[in-house]
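# Architecture at a glance
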Amino acid sequence: QKKFQFAMLMLYVLIGVGLFLIGLAVHKTRANLFTVLGILMVLPAAKRVIALVLMVPRKSVEKERFEKVQGALPESAALLTVFTSTEKVMSLDFVIVMNKNVYGIKDGKKTDDAYVEKYLSETISAAARGYRVQLFENEEAFLKMLKRSERKEETAEERSLQEKVVHDLTIIAV
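One structure accompanies this document, and this report is about it. (Residues numbered from 1 in each chain as written. Predicted model: local features only at pLDDT ≥ 70, side-chain atom pairs only at ≥ 80, totals over all residues. Heavy atoms only, no water.)

## Regarding the pattern of salt bridges
Per the counting criterion, the structure on display carries six salt bridges. Put simply, E137 and K106 hold a salt bridge, and the shortest N to O gap is 2.5 Å. Residue E137 is located in the loop between β4 (132-136) and α6 (139-148), and its partner K106 is located in strand β3 (residues 101-106); the two are separated by 31 residues in the primary sequence. Residue class for K106 comes out buried when judged on its relative accessible area of 8%. With a shortest N-O distance of 3.6 Å, E122 and K118 are connected by a salt bridge. Taken as a pair, E122 and K118 lie in helix α5 (residues 113-125) at a separation of four residues, close to a single helical turn. Classification of E122 by relative accessible area gives partly exposed; the value is 46%. (Salt bridge = Lys/Arg side-chain N within 4 Å of Asp/Glu carboxyl O. Helix = DSSP H or I, 4+ residues; strand = E, 2+ residues; numbered from the N terminus. Buried < 20%, exposed > 50% of the residue type's maximum accessible area, 1.4 Å probe, protein only.)

Here's what the structure looks like:
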């Protein structure tokens, strides 16, 4: 994801510079619409810079861990994410949405569990009522819980609701 964020940053910079140069070549002055559009490309580029700053010090989950968790899941979403809010940066290795629950597997760094649970609950409550947020210290604790829990078939309505929750969580992920 770091490579993707960097590639998007470069794309926005190139588009902005390209628009500016096109306007300069066509109109022979900086005072034109192309200059304004080039300057506006700074906004999405700034968002990518912030995402990179948040992600650079963070290591990705090892492929073996990801495959271990992914293999244990029924058809649910497993996301590698760094969440941000207006107040704090929250880091979770995995976020799993299934059976009207949102499970987070922490990355080992000190995390304010109550704040993370409240923030995720508020984020998904707009799209889906009745979802519960639960955090786990590591994937072993999550996998133990998964083995104990019952697996039930989801209805089309529940899958649609789950897709909305995953979408909302993807939006707040960096």
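## Details of the side chain of E139
Along the chain, E139 turns up in helix α6. Only 2.8 Å separates the side chain of E139 from the side chain of R65, close enough to count as a polar contact. In contact with E139, not counting residues within four places along its chain, are R65, V69 and I105. (Polar contact = N/O pair within 3.5 Å; in protein donor to acceptor, adjacent residues only side chain to side chain. Contact = heavy atoms within 4.5 Å.)

## Here we look at unusual backbone geometry
In the Ramachandran plot, K28 falls in the positive-phi region, its phi being about 60 degrees despite a non-glycine side chain. Mapped onto the elements of the fold, K28 is located in the loop between α1 (2-27) and α2 (33-40).

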